[in-house]
Amino acid sequence: MTTTTRVAALGSEGWFTLDDPEPALLGMRCTTCATYVFPKAAYGCPNPACAGIEFDEVRLSRFGSVWSYTDACYQPPAPYVVPTDEHVPFCIAAVELADEGLVIMGQVVAGVTVDELTVGQRMELVVDVLYREDDTEHLIWKWKPVSTEGAVA
C-alpha cells in the first residue's frame, strides 16, 4: 500500500492550513493599525497611512461573499498544471472575507459553473487537490458555494 503525501501547490506553502477540518487562509494583521494582509508580507504595512512593521499571524475568515467571478475556458499559462489529460474549464471567484474585508481570488470547486454564481453569494473556503503527481497530492484553497437548502429567511 502506498502512502499519499499532501503538500501545498505551486509555492503556496504557509498560505493556508493543510490538514484542518475547518481550513483557513493564513494571513497577517498589523499590530499598529490592524490592517489585514494576505498573502503574508515580508515588508511593512500596506496601509499607506501606517508605518507599522510588526505583524501577528492570523487565521482569516473561512466565509465570505462573491465580489466577482469568471471562468477559465482556456488553459492558463505556466505555472498552471493541467490536472487531467485535457484542460477542463473551471470557475474563479474573488471573495470578500466576512470579517477582514480582504478580497481573495481562488478557483471554485469542480462542478460549479458561472451560471450558478452571483455577486454577493455566500462562499466557504475549502482545501482541495489541484493536481496529483505520483503519490503526491498538490493542494490549494478553493471556494465552495454555501448551500442555502433548508435555510430560513
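First, a word on scope: everything that follows refers to the structure included in this document. Values in this document were obtained by computation on a predicted structure and should not be read as measured data.

What follows deals with the sheet that holds strand β3 (residues 36–37). Strand order in the open sheet formed by three strands is β3-β2-β4, and the pairing between neighbours is antiparallel. Each edge of the open sheet carries a strand with a single partner, namely β3 and β4 (55–59). Sheet topology note: the strand β2 (residues 26–30)/β3 ladder contains two bridges and is antiparallel. Paired with M28 across the bridge in β3 is V37.

Our next topic: the pattern of salt bridges. What the rule picks out here adds up to seven salt bridges. E57 is the partner of K40 in a salt bridge, and the nearest nitrogen-oxygen pair spans 2.6 Å. With K40 in the loop between β3 and β4 and E57 in strand β4, this residue pair connects regions lying 17 residues apart in the sequence. According to the relative accessible area criterion, K40 is partly exposed, its value standing at 33%. Linking E124 and R62 is a salt bridge whose minimum nitrogen-to-oxygen distance equals 2.5 Å.

With respect to the helices and strands, the residue R132 is situated in strand β8 (residues 122–133). By relative accessible area, which is 58% here, R132 ends up exposed. Placed 128 residues apart in sequence, R132 and T4 show a C-alpha to C-alpha distance of 9.8 Å. At 3.5 Å, the side chain of R132 forms a polar contact with the side chain of E137.

Relative to β8, strand β5 (residues 63–72) runs antiparallel, the two being bridged by three bridges. Looking at the pairing, S65 lines up with R122 of β8. Direction of pairing for β5 relative to strand β6 (residues 90–97): antiparallel, over a ladder of eight bridges. Residue pairing across strands places Y69 opposite A93, the latter belonging to β6.

This part is about the pairing of β6. Within β6, six of the eight residues are buried, which leaves it mostly tucked inside the rest of the structure. If you look at the hairpin formed by β6 and strand β7 (residues 103–108), you'll find five residues sitting between the two strands, and G101 has a positive phi there, around 80°.

Scanning the model with the defined rule gives four aromatic pairs in all. Ring geometry for W15 against W141: centres 6.1 Å apart, planes inclined by 35°, an arrangement best described as tilted. Taken together, the residues span a long stretch of sequence, with W15 in the loop between β1 (5–8) and β2 and W141 in strand β9 (residues 136–145) at a distance of 126 residues. According to the relative accessible area criterion, W141 is buried, its value standing at 8%. Through a chain of ring-to-ring contacts, the aromatic side chains of W15, F16, F38 and W141 assemble into a single cluster.

Conventions and cut-offs
Starting from 1, residues in each chain are numbered consecutively following that chain's sequence as written. Two thresholds apply to this predicted model, a pLDDT of at least 70 for residue-level local features and 80 or more for giving and counting side-chain atom pairs, whereas whole-chain, interface and lining totals are computed over all residues. As a rule here, side-chain values come from all non-hydrogen atoms in the structure, and water together with hydrogens is ignored. By this definition, two strands are paired if DSSP reports at least two bridges between them. Numbering of helices and strands runs from the N terminus, with a helix taken as a DSSP run of H or I at least four residues long and a strand as a DSSP run of E at least two residues long. For this analysis, a salt bridge means a side-chain nitrogen from Lys or Arg found within 4 Å of a carboxyl oxygen belonging to Asp or Glu. Each residue's exposure class comes from its accessible area (1.4 Å probe, protein chains only) as a fraction of the maximum for that residue type: buried when under 20%, exposed when over 50%, partly exposed otherwise. N or O atoms closer than or at 3.5 Å make up a polar contact, with two conditions inside protein: a donor-capable atom paired with an acceptor-capable one, and, for residues adjacent in sequence, both atoms drawn from side chains. Stacked, edge-to-face and tilted labels apply to pairs of Phe, Tyr and Trp rings (six-membered ring for Trp) whose centres lie within 6.5 Å, assigned for plane angles under 30 degrees, over 60, and everything in between, in that order.

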